[in-house]
Amino acid sequence: MNSKGLDYFILALVIIGAVNWGLVGFFRFNLVTFLFGEMTTISRIVYAVVGIAGLYVISMFGRVSSVGE
């Protein structure tokens, strides 16, 4: 997978995480808990992967700003 494909995949994960937090904030509905159970191994993996994706997106800021120069 090339870097651009990885960037889109990671961005999709971050968007999914953001939608989940929006559901929690507006409706007190946690989609991850609904699908996988409360703090099961799978739900913890989902949270960890989305968290790592969020950290990876931080690196996109440097690459996006350097493209415009």
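Our subject is the structure listed above.
Residues numbered from 1 in each chain as written. Predicted model: local features only at pLDDT ≥ 70, side-chain atom pairs only at ≥ 80, totals over all residues. Heavy atoms only, no water.

Chemist: Help me out: how do you make sense of a nonpolar patch on the surface in this one?
Modeler: There is a patch of nonpolar side chains on the surface, built from Phe26, Phe27, Phe29, Leu31, Phe34, Leu35, Phe36 and Ile42 and spanning about 890 Å² of accessible area. At the level of secondary structure, the elements contributing two or more residues to the nonpolar patch comprise helix H1 (3-27) and helix H2 (31-36). Among the elements that make up the nonpolar patch, the one with the highest residue count is H2 (four residues). You can see Phe27 is positioned in helix H1. (Patch = residues over 30% accessible without salt bridge, like charges linked within 9 Å, V, L, I, M, F, W, Y side chains within 5 Å. Areas by Shrake-Rupley, 256 points an atom, 1.4 Å probe, with all protein chains shown as cover. Salt bridge = Lys/Arg side-chain N within 4 Å of Asp/Glu carboxyl O. Helix = DSSP H or I, 4+ residues; strand = E, 2+ residues; numbered from the N terminus.)

Chemist: How do you make sense of the packing of aromatic side chains when you look at a structure like this?
Modeler: The relative placement of two aromatic rings is captured by the distance of their centres and the angle of their planes. Across all of its chains, the model carries two aromatic pairs by this definition. Their ring planes at 55° and their centres at 6.3 Å tell us that Phe26 and Phe27 sit as a pair that is tilted. By relative accessible area, which is 62% here, Phe27 ends up exposed. Between Phe29 and Phe34 the ring centres are 5.3 Å apart and the planes differ by 50°, which places this aromatic pair in the tilted class. (Phe/Tyr/Trp six-rings, centres within 6.5 Å; stacked < 30°, edge-to-face > 60°. Buried < 20%, exposed > 50% of the residue type's maximum accessible area, 1.4 Å probe, protein only.)

Chemist: How should I be thinking about the environment of Arg44 in this particular structure?
Modeler: On the secondary structure map, Arg44 appears in helix H3 (residues 41-67). Residue Arg44 is classed as exposed on the basis of its relative accessible area, which comes to 54%. For the pair Arg44 and Val32, spaced 12 residues apart in sequence, the C-alpha separation works out to 9.2 Å.

Chemist: What is the right way to read the layout of surface pockets from this model?
Modeler: One simple way to see leftover space: roll a probe sized like a water molecule over the atoms. Its boundaries defined by the atoms lining it, the largest pocket holds a volume of some 270 Å³. Around the largest pocket, the lining comprises 15 residues; the ones closest to its centre are Ile16, Gly17, Asn20, Val32 and Val50. Looking at the lining of the largest pocket, the elements with two or more residues in it are H1, H2 and H3. When grouped by side-chain class, the residues that make up the lining of the largest pocket number 13 nonpolar, two polar and no charged. (1 Å grid on protein atoms, 1.4 Å probe; cavity = no way out; pocket = protein on both sides within 12 Å on 5 of 7 lines; lining within 4 Å. Points joined across faces, edges and corners; volume = space filled by probe spheres on them. Nonpolar A, V, L, I, M, F, W, Y, C, P; charged D, E, K, R; others polar.)

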